[in-house]
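Tertiary structure, described
Read off the chains here:
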Amino acid sequence: MRDFAQRLADRKQKALYRRRIPVSDVDFPELVVDGRRCVSFCSNDYLGLASHPLIKQSYMQAVDLYGVGAGASQLVTGYHVEHQLLEQALAEFLQRPRVLLYSSGYLANLGTLSALALHGDRIYADRLNHASLVDAARLADAKVRRYRHAEADDLRRLIALDDARHKLIVSDGVFSMDGDLAPVAELVAIAAQQQALLMIDDAHGIGVLGEHGRGTLEQCDVATQVPVLVGTFGKAFGAMGAFVSGSEELIETLVQFSRTCTYSTAMPPASAAALRTALQVLIQETWRRQKLQALITRFRQGAAELGITLGRSSTPIQPVIIGEAAAAVEASARLRERGILITAIRPPTVPLHSARLRITLSAAHSEQQVDYLLECLAQVFAAGQG
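A brief look at the structure comes next. This is a predicted model, so every value here is computed, not measured.

Some points on the overall build of the protein
Secondary structure assignment for the protein yields 15 helices and 14 strands. Radius of gyration (C-alpha) of the protein: 21 Å, near the 21 Å computed for a compact globule of 386 residues. Seen through its principal axes, the protein has C-alpha atoms that stretch 60 × 55 × 50 Å. For the protein, with 386 residues in total, the buried portion stands at 52%. Across the protein, the fraction of contacts at a sequence separation of at least 24, relative to all contacts at a separation of at least 6, is 70%. Averaging the coordinates of the 40 positive side-chain charges in the protein and doing the same for the 40 negative ones gives two points 6 Å apart.

Spelled out as structure tokens, the structure:
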């Protein structure tokens, strides 16, 4: 029998042991953690919609009408008119033919790849894809080849070597730990040349990037050239759940063959109603994206002035690479002492020796809070060097 205690001890010894931290909201981005009020810089609520009064009101009204659960999977009795309306609204917003809802982004990626990548096919995946895409590729009945992160030339080399009948290129749009963008335009060109299907998971781009908030594809001007687009409601929408969008044939294929759709309870109708309101807020309150971008610029300029090295990200995800896990944990603890909540991200979430503080900015932050974050980072790194 496997020795659970030894596995846990090994993880602790390597400074990789993880603990859940109960938090309670004060007024996001402020949270109470272990009795201390902190400003959170590690939430994915990029537009600050999780506590938006109109969205909360919509949810509560829908709960009064429909209750708190769907009661079944979509193919039994779980597909409610609210789900249908949300799918239609999303398809119109994204300017894509159809949308299919899922209960989480993880389920969307697992269900999509398992339905599309069959025996004898090839999957080409970026090495820094999100864990849900990594697991989805492993579980699909197809062989997987991984290309160097965001290097289109390496993908081009790998895909040219294969004679598989069907090829599927899979990448994040915005990479969740580094905040950088995939070379989507180049991926589109390679897919066209190789007659491959291209799938982009834009969980961290939709709602944030592009003139209208349609995400990485809009920003890179390839909105109509990516057949399979995955998005989530757990980031910019401030809620929970996910979707896949594409052609009529794609969505019908997923309805018929995506096991995580078929065999999972549908999201609550009340959630779908609230998400439809969130979509309208996202469309109408353009100032949120504008403010977020201004805060990103302010933070990056301030970090440069302080000599804090950041990655090349232009998104709300701004990682500070520290290296070893223990040092990242120590930096996180020192920040919390100063009222700043940023969890340390360690392997296996990121590669070895690249543990980091994954800082995420939100339209809910103020300029003063960003300035205080910079002040605290300067103090913590100065103390560490001493």
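Having seen it, we continue.
Description of helix 7 (residues 152–161)
Listed as buried for helix 7 are A152, D154, L155, L158 and I159. One side of helix 7 carries all its buried residues, which in axial view fall inside an arc of 155°. Set apart from the buried face of helix 7 by more than 90 degrees, the exposed residues are D153, A160 and L161. Where helix 7 is buried, its residues meet strand 5 (122–126), strand 6 (143–147), strand 7 (167–172) and helix 8 (184–194).

Let's talk about empty space enclosed by the protein
Applying the stated criterion across every chain yields a total of two cavities of 30 Å³ or more. Taken as a whole, the largest cavity spans an internal volume of roughly 50 Å³. Forming the boundary of the largest cavity are L94, R96, R214, L217, E218, A223 and L229. Of the residues belonging to the lining of the largest cavity, the class tally is four nonpolar, no polar and three charged. Counted as a void, the second largest cavity has a volume near 40 Å³. For the second largest cavity, the full set of lining residues is Q74, L101, Y102, S103, L107, T260, C261, S264, T265 and A266. Of all the secondary-structure elements, those providing two or more residues to the lining of the second largest cavity are strand 4 (98–102) and helix 11 (259–262). Among the residues making up the lining of the second largest cavity, the classes are represented as five nonpolar, five polar and no charged.

Details of the pattern of salt bridges
Opposite charge on two side chains allows them to pair when their charged atoms are near. Applying the stated criterion across every chain yields a total of 19 salt bridges. Taken together, the shared-partner salt bridges connect R148, E151, D154 and R157 into one network.

Some remarks on the packing of helix 5 (residues 105–116) against helix 6 (residues 131–139)
As a packed pair, helix 5 and helix 6 sit with axes 8 Å apart at the nearest point and diverge in direction by 25°. Classified by the angle their axes make, helix 5 and helix 6 are roughly parallel. Between helix 5 and helix 6 lies a crossing of right-handed hand. Seen from helix 5, the contacting residues are Y106, N109, L110 and L113; seen from helix 6, they are A131, S132, L133, D135, A136, A137 and L139.

Topic: the sheet that holds strand 14 (residues 355–360)
Pairing between sheet strands relies on hydrogen bonds along the backbone, with the strands arranged either parallel or antiparallel. The antiparallel open sheet is built from three strands, whose spatial order is 11-14-13. Edge strands, defined here as strands with exactly one partner in the open sheet, are strand 11 (317–323) and strand 13 (344–345). Summarising the sheet, strand 11 and strand 14 pair through six bridges and their orientation is antiparallel. Within strand 14, the position partnered with Q318 by the bridge is I359. With respect to the sheet, helix 14 (residues 325–337) is in contact with strand 11, strand 13 and strand 14, its orientation differing from that of strand 14 by roughly 40°.

So, the sheet that holds strand 1 (residues 23–27)
Pairing in this open sheet of four strands is mixed, and the strands run 1-2-3-12 from one edge to the other. What marks the edges here is a single partner per strand, and that holds for strand 1 and strand 12 (340–341). In the sheet, strand 2 (residues 30–33) pairs with strand 3 (residues 36–40) via four bridges, with the strands oriented antiparallel. By the bridge assignment for strand 3, V33 is matched with R36.

A word on the pairing of strand 14
A large share of strand 14 lies buried, amounting to six of its six residues. Side chains A355, L357 and I359 of strand 14 all project onto a buried face; the interleaved residues R356, R358 and T360 project onto the opposite face, where all are buried too.

Overview of unusual backbone geometry
The omega torsion across F28 and P29 is 15°, close enough to zero to call that bond cis. Tracing the backbone shows P29 in the loop between strand 1 and strand 2. The amide bond that connects P347 to the next residue, P348, takes the cis arrangement and shows omega of 10°. As for its placement among the helices and strands, P348 is situated in the loop between strand 13 and strand 14. Not every positive phi belongs to a glycine, and Q95 is a case in point at roughly 60°. You can see Q95 is positioned in the loop between helix 4 (81–94) and strand 4. According to the relative accessible area criterion, Q95 is exposed, its value standing at 56%. You will see that A150, though not glycine, has its phi angle at about 60°, which is positive. Along the chain, the position of A150 falls in the loop between strand 6 and helix 7. The class for A150 is buried, based on a relative accessible area of 18%.

Basis of the calculations
Residues numbered from 1 in each chain as written. Predicted model: local features only at pLDDT ≥ 70, side-chain atom pairs only at ≥ 80, totals over all residues. Heavy atoms only, no water. Helix = DSSP H or I, 4+ residues; strand = E, 2+ residues; numbered from the N terminus. Rg over C-alpha atoms; globule rule 2.2 N^0.38 Å. Buried < 20%, exposed > 50% of the residue type's maximum accessible area, 1.4 Å probe, protein only. Contact = heavy atoms within 4.5 Å. Lys, Arg positive; Asp, Glu negative; His and termini not counted. Charge placed at Lys NZ, Arg CZ, Asp CG, Glu CD. Arc of directions from axis to C-beta. 1 Å grid on protein atoms, 1.4 Å probe; cavity = no way out; pocket = protein on both sides within 12 Å on 5 of 7 lines; lining within 4 Å. Points joined across faces, edges and corners; volume = space filled by probe spheres on them. Nonpolar A, V, L, I, M, F, W, Y, C, P; charged D, E, K, R; others polar. Salt bridge = Lys/Arg side-chain N within 4 Å of Asp/Glu carboxyl O. Axes fitted to C-alpha atoms, helices over the stretch in contact; angles between N-to-C directions. Parallel < 35°, antiparallel > 145°, perpendicular 65-115°, else oblique. Left-handed = near helix turned anticlockwise from the far one by under 90°. Pairing = 2+ DSSP bridges.

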